[in-house]
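Analysis of the macromolecular model
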Amino acid sequence: KPSSPKTIITITYVLGMYAKWLQEQGIVSDDNLYQMIQSLDKKLLWKKAKPNAKKKFISHEQYQRVIKDIATYEEYNALYYELLFACIYHGVYSDDLSVLKNLRKSDIQDDGMVTLREDNDHTYKLKVPEKLATDLKKLADINVWERRNRFGICKVDMRGVYSDSVFKIENRSTASNDSYKFTYYAKLRKIAKEYLEYSLLPLQLYTAGIMHRIKVELEKNDIPLEEAFADNSRNRMAHLIIQKELIRCNSSIEIGNFRELVKGHLDSF
């Protein structure tokens, strides 16, 4: 059950190496098996595998629906869940999620400009929607986590790296520095399970947001998404649009690797 064109390339490569080994060991007398594997139409294989492959990303319409559903149906802590999901989609992301842990009210400007800080001391600025910035400031003022118990609602104190931290976590004696990342992952898994019905990693959510913004800019320049991400695309404007958004979001991934990441899933966006 390959999940992407890259997976198929990897599988056929491994099978090809196995065929070569069989020939070297004298188990087969010629390279017919190797040549047969090399001649497989990988695009056709992906076309057949794709309907059964797990979804990896979300469309902008799905993103909007999830945000609306959280606000409508989440009985407790809806703002926290909504903003955690929205932040990553709008580019507030690092591999260790430390930019979320270190996000504080004093780093958020009214115009949507946010100062982001990674644990490795790297600091950069990112523009997010003004409404998101306003809501993040509201969340920074909330210091309790609500949960249901048999007596009604239980309110648990929360703590953050700073007194004005946005994404605080429950204040427990066993909490460690890694507790922030684990807490964010757990809450994102809950969102995906209840509102998407398939798993969605933070990187995939972040990538989906990047792809939406790239698509918007491509449309402004009358460039089809398929053309911009085609194999060996020579469209200079498309290259610059993709590059600009990756740099804006502080993504360390190279354009070629980014293309591979979304290749075969363009219809998701």
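Refer to the preceding data block for the structure.
So, here is what we can say about the structure in this document. (Residues numbered from 1 in each chain as written. Predicted model: local features only at pLDDT ≥ 70, side-chain atom pairs only at ≥ 80, totals over all residues. Heavy atoms only, no water.)

1. As for the overall build of the chain
- On a plain count of helices and strands, the chain comes out with 12 helices and five strands.
- Along the three orthogonal principal directions, the C-alpha set of the chain runs to about 75 × 45 × 35 Å.
- Each of the 269 residues in the chain was classed as buried or not, and the buried ones make up 45%.
- Positive and negative charge centroids in the chain, built from 43 and 37 side chains respectively, lie 3 Å apart. (Helix = DSSP H or I, 4+ residues; strand = E, 2+ residues; numbered from the N terminus. Buried < 20%, exposed > 50% of the residue type's maximum accessible area, 1.4 Å probe, protein only. Lys, Arg positive; Asp, Glu negative; His and termini not counted. Charge placed at Lys NZ, Arg CZ, Asp CG, Glu CD.)

2. Focus on the packing of aromatic side chains
- For the structure on display, the rule yields 10 aromatic pairs.
- Pairing Tyr81 with Trp145 gives two aromatic rings, centres 5.6 Å apart and planes at 70°, and the pair type is edge-to-face. Highlighted residues: Tyr81 in helix 5 (residues 78–89) and Trp145 in strand 3 (residues 144–149), separated in sequence by 64 residues.
- When the centroid spacing of 4.5 Å and the interplanar angle of 25° are considered together, the rings of Tyr93 and Tyr206 count as stacked. (Phe/Tyr/Trp six-rings, centres within 6.5 Å; stacked < 30°, edge-to-face > 60°.)

3. A short note on helix 1 (residues 5–24)
- End to end, helix 1 covers 29 Å across 20 residues, agreeing with the expected 28 Å (1.5 Å per residue, within 8%).
- Taken residue by residue, helix 1 has Pro5, Ile8, Thr12, Gly16, Ala19 and Leu22 as its buried positions. Mapping the buried residues of helix 1 onto a view down its axis gives an arc of 115°, with all of them on the same face. Exposed residues on helix 1 whose side chains face more than 90 degrees from its buried face are Lys6, Tyr13 and Glu24.
- In this fold, the buried residues of helix 1 make contact with helix 2 (32–38) and helix 3 (42–49).
- Positioned one or two residues after helix 1, Gly26 has a phi angle of 80°, which is positive. (Expected span 1.5 Å × (residues − 1). Arc of directions from axis to C-beta. Contact = heavy atoms within 4.5 Å.)

4. Comments concerning the sheet that holds strand 4 (residues 152–159)
- Strand order in the open sheet formed by three strands is 3-4-5, with antiparallel pairing between adjacent strands. Edge positions in the open sheet fall to strand 3 and strand 5 (169–170), since each of these has one partner strand only.
- When strand 3 meets strand 4, the two strands line up antiparallel, connected through six bridges. Residue pairing for strand 4: Arg148 is matched across the bridge by Ile153. (Pairing = 2+ DSSP bridges.)

5. Here we look at the environment of Ile241
- Examined against the element boundaries, Ile241 turns out to sit in helix 11 (residues 236–248).
- Judged by its relative accessible area of 10%, Ile241 falls in the buried class.
- Along the primary structure Ile241 and Asp110 are separated by 131 residues, whereas in three dimensions their C-alpha atoms are 27 Å apart.
- With residues near it in sequence (within four places) discarded, Ile241 still touches Ile214, Glu217, Leu218 and Asn221.

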